[in-house]
Amino acid sequence: MDNFYSSSRHNVLGLLGQPGFELMRHDVTFPLYVEVDQIYHLACPASPVFYQRDPVQTTKTCVHGSINMLGLAKRLRAPILLASTSEVYGDPALHPQAESYWGNVNPIGIRSCYDEGKRCAETLFFDYNRQHALPVKVARIFNTFGPNMLPNDGRVVSSFIVQAIRGDPITIFGDGSQTRSFCYVDDMVRGLIRLMNSPEEVTGPINLGNPCEYTVTELAQKVLALAGGDSLVEHRPLPSDDPVRRKPDISRARELLGWEPTVPLDEGLERTVAYFRHTLRDQRDQRGLGDPRGTGPAARVRPPRSPVSAPRLPFATPVAPGPEPPQPPARNSVVWPRTARSWLVAGLLDGEEVDGWRRHSCSAAGAFWARTRSACSARWRRPAFSPT
Ligand SMILES: NC(=O)c1ccc[n+]([C@@H]2O[C@H](COP(=O)([O-])OP(=O)(O)OC[C@H]3O[C@@H](n4cnc5c(N)ncnc54)[C@H](O)[C@@H]3O)[C@@H](O)[C@H]2O)c1
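Residues numbered from 1 in each chain as written. Predicted model: local features only at pLDDT ≥ 70, side-chain atom pairs only at ≥ 80, totals over all residues. Heavy atoms only, no water.

Asks: Account for the overall build of the chain, naming residues and giving values.
Replies: Within the chain, the secondary structure is distributed over eleven helices and twelve strands. Every one of the 388 residues in the chain was classed for burial, and the buried ones make up 47%. Partitioning the intrachain contacts of the chain with sequence separation of at least 6 by distance along the chain shows that 80% fall at a separation of at least 24. On the chain, roughly 18,600 Å² of surface is accessible, and the fraction owed to carbon and sulfur atoms is 56%. (Helix = DSSP H or I, 4+ residues; strand = E, 2+ residues; numbered from the N terminus. Buried < 20%, exposed > 50% of the residue type's maximum accessible area, 1.4 Å probe, protein only. Contact = heavy atoms within 4.5 Å. Areas by Shrake-Rupley, 256 points an atom, 1.4 Å probe, with all protein chains shown as cover.)

In structure tokens:
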């Protein structure tokens, strides 16, 4: 289930049509009624570019989303796992960070919608566990990377790789001495599955991440060595509340789950560089711009972006990746169709730019209605009762 706020359904094209796989478009801030055995609650924009774009919605996704998923888990008596984050430690005064550390978080800063949202989600999980004896699992995920990341979501690994491949300057915020620990996605997925299937008394929180620590400058050097190219390094001011050091203490994960990362950073970066090379080459080919590396002035010529750039496609229809990487949806930027017929078409041929801000459905007879949050208010459609 996904509302594709910060992802692309192209990532799951290979799974569509496979037995046992079903894709549902839904915004987690609204109640969901389905039958499932386990719930992995990962829905939340995770990169600063996306979560700071609409901070109120980010907090709602963390808090309302968790309440809705916990309500579903309670109804089904199903175990539920929360993808929490190392951001709950804020700018940590303790190094490395163990689960017993309560953190150092600014409650009113530009990152707070995410950091405090996840902290509140953790509170809800443990209250449901105490109050309703719900089997919960809370994973505190540290920086994770790998293929299928969006090229434009501003995370350090994907940004460096894309900049290196394009020959653009590598932008380092601050002097580059801040540290991070990078876990390859395969290791993370293994850890999450292990936590979900652990005995009921294992609730977490449990740190999942790679304990090898690198400075951001070291990461840039590794990416440049792997991606090649002659990018220069450009320093920019450090954003506020950016943590100085990040390194998980994973003793608890080792002891309780028998888990630790196995993919070294260089190997993970190599696979991710290969993925982005392929993706960016495809995008350039589709734009008809010759230079696959995307360097030089010609490569910087971009066709003008239309306000509705993503192709309108039938839901879940396999297609080749579109030429434009998905952009975070701007509120109220949707070009609304005018005629009744185009309303119907927009509802049936759902485009990437239509997001959780608008809900629509078609009746069996094909009648269509669409409502905007501002016009008719989500209140109208919320059930009168809560699943909690
Ligand atoms: N990748 C990391 O380094 C990292 C670190 C810490 C925590 N996490 C957590 O892990 C989870 C997955 O992160 P990711 O890196 O894959 O990020 P992502 O942005 O790629 O994935 C988040 C998914 O949630 C979806 N989503 C966002 N808002 C939604 C909503 N209201 N309703 C339904 N779906 C919604 C997005 O469309 C996207 O598919 C997130 O909860 C994130 O907070 C990730």
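Moving on from the coordinates now.
Asks: Give me the side chain of Arg 180: which residues, what numbers.
Replies: Within the secondary structure layout, Arg 180 lies in strand 6 (residues 179-181). A relative accessible area of 9% places Arg 180 in the buried class. In contact with Arg 180, other than residues within four places in its own chain, are Asn 143, Cys 212, Glu 213, Tyr 214, Val 216, Asp 242, Pro 243, Val 244 and Arg 246.

Asks: Describe the site of the ligand, naming the residues involved and giving the relevant values.
Replies: Neighbouring residues of the ligand: 24 residues in total, closest Asp 2, Ser 6, Ser 7, Tyr 114 and Arg 155. Between the ligand and Asp 27, the relevant distance is 2.9 Å, taken from a nitrogen atom to a side-chain nitrogen or oxygen of the residue. In the environment of the ligand, an oxygen atom lies 2.8 Å from a nitrogen or oxygen atom belonging to the backbone of Thr 144. In terms of residue count, strand 2 (residues 80-85) provides more of the shell around the ligand than any other element does, three residues in total. (Near = heavy atom within 4 Å. Polar contact = N/O pair within 3.5 Å; in protein donor to acceptor, adjacent residues only side chain to side chain.)

Asks: Give a detailed account of the packing of aromatic side chains, specifying residues and quantitative values.
Replies: For any pair of aromatic rings, the description rests on two quantities: the centre-to-centre distance and the angle between the ring planes. On inspection of all chains with the given rule, the structure shows six aromatic pairs. Residues Tyr 51 and Tyr 114 carry aromatic rings whose centres are separated by 4.4 Å and whose planes lie at 5° to one another, so their mutual orientation is stacked. Taken together, the positions of Tyr 51 in helix 1 (residues 48-51) and Tyr 114 in helix 3 (residues 112-132) put the pair 63 residues apart, joining distant regions of the chain. For Tyr 51, a relative accessible area of 1% translates into the label buried. (Phe/Tyr/Trp six-rings, centres within 6.5 Å; stacked < 30°, edge-to-face > 60°.)

Asks: Which residues make up the sheet that holds strand 2, and what are the values?
Replies: Here four strands make up an open sheet; going across it, the order is 1-2-3-8 and the pairing parallel. The outermost strands of the open sheet, each flanked by one partner alone, are strand 1 (39-41) and strand 8 (206-208). Neighbour-to-neighbour, the strand axes of this sheet turn through a mean angle of 25°, independent of strand direction. In this sheet, strand 3 (residues 136-141) lies alongside strand 2 in parallel orientation, the contact comprising six bridges. Bridge pairing in strand 3 places Leu 81 opposite Lys 137. The strands that helix 2 (residues 55-76) touches are strand 1, strand 2 and strand 3; relative to strand 1, the one it contacts most, it runs at about 175°. Running over the sheet, helix 5 (residues 185-196) touches strand 1, strand 2, strand 3 and strand 8 and is turned about 160° from strand 3. (Pairing = 2+ DSSP bridges. Axes fitted to C-alpha atoms, helices over the stretch in contact; angles between N-to-C directions.)

Asks: Describe helix 2, and please don't skip the residues or the numbers.
Replies: Given a rise of 1.5 Å per residue, 22 residues ought to cover 32 Å, and the 31 Å separating the end C-alpha atoms of helix 2 matches this to within 8%. Most pronounced at Thr 61, the bend in helix 2 amounts to some 30°. Following helix 2 by one or two positions, Arg 77 adopts a phi angle in the positive range, close to 55°. (Expected span 1.5 Å × (residues − 1). Bend = angle between axes of the 7 residues up to and from the residue.)

Just distances and angles here, no functional claims.
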